[in-house]
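# Architecture and fold: a report
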Amino acid sequence: KSKLTKSLFLFFILILSGDVEINPGPTVLPSNIKLAHINARSITSINATNKPRIIQDFVLDNNIDILAVSETWLKPASLPETLRYVTPPDYCLLHEQRVTGRGGGVGYLFRSCLQFKRLALNSFETFEVIGCKLSLLSNSTIFVNIY
């Protein structure tokens, strides 16, 4: 099957499941969990601006618990020092890089005290995806970041 056929098939399966909302919002999360999303277009860029510092300041100044990031531009060979430079103190970074080509990639910056675990998902040629499960008390919520 072609890439387009596979993508359309996945899209229609999601729609037919009847459990897809345009903006479902958190239903079981306490109101004090702060979520945000950014399209970073390279979280490690320090050319004209120091994006790692800007992202850290944004997360810390706004007291964000979970930050979903699109276009991380991280590579499989990204050094641990590079990843630490992007990650605020007491936060963790999970990411899925684009396998071929440049750009792309998705990830999450989240408070290290949260039970936020990566889910095993298939990889796709037409987009990047990362899924995580947040467990709080007796509730859990699944997060999926697709670019």
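Look above for the structure.
Note that this is a predicted model, so its numbers are computed, not measured.

Moving on, we come to unusual backbone geometry. Phi is positive for N63, which is not a glycine, with a value near 55°. With respect to the element layout, N63 can be found in the loop between helix 2 (51-61) and strand 2 (66-70). Among the residues examined, N63 registers a relative accessible area of 42% and is labelled partly exposed.

As a further point, take the pairing of strand 7 (residues 139-146). As paired strands, strand 6 (residues 129-136) and strand 7 are joined by eight bridges and run antiparallel to one another. Bridge pairing in strand 7 places L136 opposite N139. In this structure, the hairpin formed by strand 6 and strand 7 is closed by a connection of two residues, where L137 is found at a positive phi of approximately 50°.

Quick look at the packing of aromatic side chains now. Per the counting criterion, the structure on display carries four aromatic pairs. Taken together through their ring pairs, the aromatic side chains of Y108, F110, F116 and F143 make up a single cluster.

It is worth spelling out the layout of surface pockets at this point. Put simply, the second largest pocket is a space of about 280 Å³. If you go around the second largest pocket, you meet 18 residues; those closest to its centre are E96, V99, S123, F124 and F127. Contributing elements (two or more residues each) for the lining of the second largest pocket: strand 5 (115-119) and strand 6. Looking at side-chain class alone, the lining of the second largest pocket contains eight nonpolar, five polar and five charged residues.

Here the focus is the nonpolar core. Looking at soluble globular proteins, one finds that nonpolar side chains tend to be buried together. Formed by 14 residues in total, the largest nonpolar core has its most connected members in I38, A40, I43, I55, V59, L67 and V69. Looking at this core, the elements that each hand over two or more residues are strand 1 (35-39), helix 2, strand 2 and strand 3 (91-96). Of all hydrophobic cores here, the second largest spans twelve residues; its members include A68, Y108, I130 and C132.

The strand order across the open sheet formed by three strands is 5-6-7, and the pairing between neighbours is antiparallel. Two strands close off the open sheet at either side, each with one partner strand: strand 5 and strand 7. This sheet shows a mean twist of 25° between the axes of neighbouring strands, independent of strand direction.

The next thing to look at is the pattern of salt bridges. Should the charged atoms of two oppositely charged side chains come close, the side chains can pair. Under the counting rule described, the total for this entry stands at four salt bridges. Note that D65 is salt-bridged to R111, the shortest N-O span being 2.5 Å. One end of the pair, D65, is in the loop between helix 2 and strand 2; the other, R111, is in strand 4 (residues 106-111), with 46 residues separating them in the sequence. With respect to class, D65 is no different from R111; both count as buried.

A separate point is helix 2. Here helix 2 has its buried residues at P52, I55, Q56 and V59. The buried residues of helix 2 occupy an angular sector of 100° when the element is viewed end-on, so they sit on one face. Looking at the packing, one finds that the buried side of helix 2 touches strand 1, strand 2, helix 3 (80-86), strand 3 and strand 4. Positive phi appears at N63, one or two residues downstream of helix 2, with a value of about 55°.

Analysis parameters
- Residues numbered from 1 in each chain as written.
- Predicted model: local features only at pLDDT ≥ 70, side-chain atom pairs only at ≥ 80, totals over all residues.
- Heavy atoms only, no water.
- Helix = DSSP H or I, 4+ residues; strand = E, 2+ residues; numbered from the N terminus.
- Buried < 20%, exposed > 50% of the residue type's maximum accessible area, 1.4 Å probe, protein only.
- Pairing = 2+ DSSP bridges.
- Phe/Tyr/Trp six-rings, centres within 6.5 Å; stacked < 30°, edge-to-face > 60°.
- 1 Å grid on protein atoms, 1.4 Å probe; cavity = no way out; pocket = protein on both sides within 12 Å on 5 of 7 lines; lining within 4 Å.
- Points joined across faces, edges and corners; volume = space filled by probe spheres on them.
- Nonpolar A, V, L, I, M, F, W, Y, C, P; charged D, E, K, R; others polar.
- Core = buried A, V, L, I, M, F, W, Y, C linked by side-chain atoms within 4.5 Å.
- Axes fitted to C-alpha atoms, helices over the stretch in contact; angles between N-to-C directions.
- Salt bridge = Lys/Arg side-chain N within 4 Å of Asp/Glu carboxyl O.
- Arc of directions from axis to C-beta.
- Contact = heavy atoms within 4.5 Å.

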